[in-house]
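For reference, the chains in residue letters:
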Amino acid sequence: MVAKVIDGKAFAADVRARVAAHVARLKEQNGITPGLAVVLVGEDPASKVYVRNKHASTIEVGMESFEHRLPAETGEAELLALIDKLNADPAVHGILVQLPLPGHLNSELVINRIDPAKDVDGFHISNVGLLGTGQKSMVPCTPLGCLMMLRDHHGKLAGLNAVVVGRSNIVGKPMAQLLLGDSCTVTIAHSRTKDLAEVCRRADILVAAVGRPEMITGDMVKPGATVIDVGINRIERDGKAKLVGDVDYESAAAVAGAITPVPGGVGPMTIACLLANTLTACCRANGLAEPEGLTA
């Protein structure tokens, strides 16, 4: 068996195109332009790249992009005051504070200061609670992207056995909640799960989000299963730096029915879903119909 490759790059391009089309209609029919504000504190190199990419993608789909770059020594009161200002700004529909923050800042306090309706990362405790109880919420971007790809591949997910390997607040837990919402039978496993391989082999859908390079091997995959690899790990192999996922791609692809590659799988969907969330937040703020197929 040779697994079908789920092309996240192509899927993300389609999501961005759908977002752009909806944004154009909002401008033409309602005179509204969705706006995304991104706050970067400090000079973390990876964060600067992420923020630059988010800005370019926001402009590309026709949205307003508001960047706020603050020095690393910025105090908590100053940062919270900026968030309050963005919360009150009707031109801003989505707010994202780039993580990680410098060590002297309390990330939970900062994230929970964002208006939940503008929390396009889906990290605010109110959105976590709404998602967990099956109510309308802002959904974390990476799990939302995974869900979109799974729906596209399978059609309906109801009744399928899903195993999520990883229990983070950013991916593992919300991914499990989304799968439950689509009527999967869901198991959350992790690095300390007893007989992890046997648990994984029961999965029709296997989501790897554990943060360990190539931890999930082919002998842990049920023949024909769909494997979603959320991991992005930089390793050295044969004297060269290489990006790999949490799944050993070659061995898993020989068993699975479908699989996401790394890179080019889940990664591109994260920014695409950030744009989709900003569009959703804008529509909700203005009492307009939400974009079809771009929310959970």
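Our subject is the structure listed above.
Here we summarise the structure given alongside this text.

Cut-off values and rules
- Sequence order sets the numbering: in each chain, residues are counted from 1 along the sequence as written.
- In view of the model being predicted, local features appear only for residues whose pLDDT reaches at least 70, and side-chain atom pairs are presented and counted only at 80 or more, with totals across whole chains, interfaces and linings using the full set of residues.
- Side-chain metrics in this entry use all non-hydrogen atoms of the structure; hydrogen atoms and water are not considered.
- Note on definitions: the grid is 1 Å and covers protein atoms alone; a cavity is a set of points where a 1.4 Å probe fits but cannot get out; a pocket is an open set with protein on both sides within 12 Å along at least five of seven lines; lining residues have an atom within 4 Å of a point.
- Grid points are joined across faces, edges and corners, and a volume is the space filled by probe spheres set on the points.
- For this classification, Asp, Glu, Lys and Arg are treated as charged, while Ala, Val, Leu, Ile, Met, Phe, Trp, Tyr, Cys and Pro are nonpolar and the rest, including Gly, are polar.
- Numbering goes from the N terminus for both helices and strands, where a helix is a DSSP run of H or I of at least four residues and a strand is a run of E of at least two.
- Patch building starts from residues that exceed 30% relative accessible area and form no salt bridge, then joins like charges within 9 Å and nonpolar side chains (Val, Leu, Ile, Met, Phe, Trp, Tyr) within 5 Å.
- Only the protein chains shown count as covering a residue, and every accessible area follows the Shrake-Rupley method with a 1.4 Å probe.
- What makes a salt bridge here is a side-chain nitrogen of Lys or Arg within 4 Å of a carboxyl oxygen of Asp or Glu, nothing more.
- Neither His nor the chain termini are counted; the positive set is Lys and Arg, and the negative set is Asp and Glu.
- Taken as the charge centre is NZ of Lys, CZ of Arg, CG of Asp or CD of Glu, depending on the residue.
- Note on classification: 1.4 Å probe, protein chains only; a residue is buried when its accessible area is under 20% of the maximum for its type, exposed when over 50%, partly exposed between these limits.
- Any two residues whose heavy atoms approach within 4.5 Å are treated as being in contact.
- Two strands are counted as paired when DSSP detects at least two bridges linking them.
- Multiplying 1.5 Å by the helix residue count minus one yields the expected span of that helix.
- Between N or O atoms, a polar contact is any pair within 3.5 Å; within protein, one atom must be a potential hydrogen donor and the other a potential acceptor, and residues adjacent in sequence are included only when both atoms are from side chains.

Before going further, it helps to spend a moment on the layout of surface pockets. Taken as a whole, the largest pocket encloses approximately 1300 Å³ of empty space. Taken together, 42 residues make up the lining of the largest pocket; nearest its centre are Tyr50, Thr142, Ile232, Gly267 and Thr270. Of the residues contributing to the lining of the largest pocket, the split by class is 24 nonpolar, twelve polar and six charged. Of the volumes computed, that of the second largest pocket is approximately 450 Å³. Along the walls of the second largest pocket sit 17 residues, with Gly122, Phe123, Val128, Asn169 and Ile170 positioned nearest its centre. Elements represented by at least two residues in the lining of the second largest pocket include exactly helix H4 (107-111), helix H5 (125-132) and helix H7 (172-181). Partitioning the lining of the second largest pocket into residue classes produces nine nonpolar, six polar and two charged.

All right, on to a positive patch on the surface then. Where like charges cluster on the molecular surface, the positive patch consists of Arg167, Lys173, Arg192 and Arg212. For Arg192, the position within the fold is in the loop between strand E6 (185-189) and helix H8 (196-200). Exposure remark for Arg192: the relative accessible area of 71% places this residue in the exposed category.

Let us look at the side chain of Thr278. By the secondary structure assignment, Thr278 is in helix H10 (residues 267-285). Residue classification places Thr278 among the buried positions, given a relative accessible area of 0%. With residues up to four places along the chain from it excluded, the contact list for Thr278 reads Pro34, Gly35, Leu36, Met63, His93, Gly94 and Val120.

It is worth spelling out the sheet that holds strand E7 (residues 205-208) at this point. Taken in spatial order, the six strands make up an open sheet running E1-E11-E8-E7-E5-E6, and their pairing is parallel. On the outer flanks of this sheet lie strand E1 (4-5) and E6, each paired with one strand and no other. Bridge count for E7 against strand E8 (residues 226-229) is four bridges, and the pairing is parallel. Bridging across to E8, Ile205 finds its partner in Thr226.

Structurally, Glu250 can be placed in helix H9 (residues 249-253). Assessed through its relative accessible area of 62%, Glu250 is described here as exposed.

Within an α-helix, residues lying three or four positions from one another point in the same direction, as the helix has 3.6 residues per turn. If you check helix H1 (residues 8-30), its first and last C-alpha atoms are 32 Å apart, about what 23 residues at 1.5 Å a residue would give, namely 33 Å. For H1, the set of buried residues is Gly8, Phe11, Ala12, Val15, Val19, His22, Val23 and Leu26. Next to the buried residues of H1 lie helix H6 (141-154) and H10. The residue sitting at the N-terminus of H1 and contributing the capping side-chain oxygen is Asp7; that oxygen lies 3.1 Å from the backbone nitrogen of Lys9. Note on H1: the residue one or two positions beyond its end, Gly31, has a positive phi of about 65°.

All right, on to the pattern of salt bridges then. Counted according to the given criterion, the structure contains eleven salt bridges. Among the ionic pairs, Lys222 bridges to Asp204, the shortest N-O distance being 2.7 Å. Highlighted residues: Lys222 in the loop between E7 and E8 and Asp204 in the loop between H8 and E7, separated in sequence by 18 residues. By relative accessible area, Asp204 is classed as buried at 18%. Through salt bridges with shared partners, a single network forms among Lys136, Arg284 and Glu290.

Purely geometric stuff here, so don't read any function into it on its own.
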